Amino acid sequence: MIKIAPSILSADFANLERDIRRIDAADYVHVDVMDGVFVPNISIGIPVVKAIRPTTKLPLDVHLMITQPVRYVEQFCGAGADLVTVHVEADTEENIHAAIDKIHDKGKRAGVVLKPKTPAEAALPFLEKVELILVMTVEPGFGGQKFMEDMMPKVAALRRLIDERNPSCELEVDGGVAPDTCQTCIDAGANVLVAGSAVYKAEDIPARIAELRGA
Ligand code: DX5
Ligand code: ZN
């Protein structure tokens, strides 16, 4: 079954509780954290994760677009994140391992994220120990960008590796996922789709979430 993770980056921040309730039919709440250094934008942080935690029963999928995430993963777990993903480009391999270990020590799920120019092989050192791999289908930093269809071979390669080496690991895509691109992602082997603008711009959000699950 395909899971949908609406990104609250496209929600109305003045009405976050209302907009999180609007995605009750989804599977995860995707929370985009940006530090203005790893990506050229600043979004939300630990106090907001803590504030939204009691507003939903859905797991919080916290996507850290920050440098040296090992410095902050424990605080995000403490604030209520259920799944924390860190970019492989954001620190040394050793420190990414340390970040994953800290997330696990907090009893939470951990994942690694690959930017568009980062090859599938960059996930290999972490493949057997993570619960999720996230493939960016836009350059991280902003919602509402055009879907990069040329990421699909990378998704397919990771699907094969996951099936061989860690079959329970989830494979997520993030960026430009909409009714016209969701099936391509599913066909390539993704099982979790992040969607920001495609969900929050919809007239009927539950219907849009159902549509994004594919045919
Ligand atoms: C981009 C974020 C995405 C973004 C997706 O840096 O990681 O989660 O909010 O937004 P859409 O679905 O509008 O491309
Ligand atoms: Zn994201």
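That block above? That's the structure.
Model, not experiment: these values are computed from the prediction.

Turning our attention to the pattern of salt bridges. Within the structure shown, the criterion is met by 13 salt bridges. Glu170 is paired through a salt bridge with Lys3; the nearest N and O atoms lie 2.9 Å apart. Taken together, the residues span a long stretch of sequence, with Glu170 in strand S7 (residues 170-174) and Lys3 in strand S1 (residues 3-6) at a distance of 167 residues. The closest approach of N and O atoms between Arg18 and Asp19, which form a salt bridge, is 3.1 Å. Three or more residues joined by partner-sharing salt bridges are found here, namely Asp12, Arg18, Asp19 and Arg22.

Our focus in this paragraph is the coordination of the zinc ion (ligand 2). Here the zinc ion (ligand 2) is held by the protein donor atoms His30 (NE2), Asp32 (OD), His63 (ND1) and Asp174 (OD), which lie 2.0 to 2.3 Å from it. The site at the zinc ion (ligand 2) holds six donor atoms, and with the angles between them running 69 to 168 degrees, its shape is octahedral. Mapped onto the sequence, the donors of the zinc ion (ligand 2) take the spacing H-x1-D-x30-H-x110-D. Taken together, the residues Asp32 in strand S2 (residues 29-34) and His63 in strand S3 (residues 60-65) connect sequence positions 31 residues apart. When its relative accessible area of 5% is taken as the criterion, Asp32 is described as buried. With relative accessibility at 0%, the residue His63 sits in the buried group.

In this section: the site of ligand 1. In the vicinity of ligand 1, 20 residues are found, and the nearest of them are Asp32, Gly141, Asp174, Gly196 and Ser197. Between an oxygen atom of ligand 1 and a side-chain N or O atom of Asp32, the distance comes to 2.7 Å. A distance of 2.8 Å separates an oxygen atom of ligand 1 from a polar atom in the backbone of Gly176. Protein contacts shield 100% of the accessible area of ligand 1, which totals 380 Å² for the unbound molecule. According to the grid-proximity analysis, the pocket containing ligand 1 is the largest pocket. For the shell around ligand 1, the secondary structure elements donating two or more residues are S2, S3 and strand S8 (192-195). When residues in the shell around ligand 1 are grouped by element, the largest group, three residues, is from S2. Within the shell around ligand 1, the residues separate by chemical class into eight nonpolar, 10 polar and two charged.

The next thing to look at is unusual backbone geometry. Generally, phi is negative for residues other than glycine and the peptide bonds are trans, each holding for most cases. Phi is positive for Gln68, close to 45 degrees, though the residue is something other than glycine. Relative to the elements of secondary structure, Gln68 occurs in the loop between S3 and helix H3 (73-79).

Conventions and cut-offs
- Residues numbered from 1 in each chain as written.
- Chains lettered and ligands numbered in written order.
- Predicted model: local features only at pLDDT ≥ 70, side-chain atom pairs only at ≥ 80, totals over all residues.
- Heavy atoms only, no water.
- Salt bridge = Lys/Arg side-chain N within 4 Å of Asp/Glu carboxyl O.
- Helix = DSSP H or I, 4+ residues; strand = E, 2+ residues; numbered from the N terminus.
- Donors = N, O, S within 2.8 Å, 3.2 Å for Na, K, Ca; no water.
- Tetrahedral: all angles 85-135°; square planar, octahedral: opposite > 155°, others 65-115°.
- Buried < 20%, exposed > 50% of the residue type's maximum accessible area, 1.4 Å probe, protein only.
- Near = heavy atom within 4 Å.
- Polar contact = N/O pair within 3.5 Å; in protein donor to acceptor, adjacent residues only side chain to side chain.
- Areas by Shrake-Rupley, 256 points an atom, 1.4 Å probe, with all protein chains shown as cover.
- 1 Å grid on protein atoms, 1.4 Å probe; cavity = no way out; pocket = protein on both sides within 12 Å on 5 of 7 lines; lining within 4 Å.
- Sits in = over half its atoms within 2 Å of the grid points.
- Nonpolar A, V, L, I, M, F, W, Y, C, P; charged D, E, K, R; others polar.

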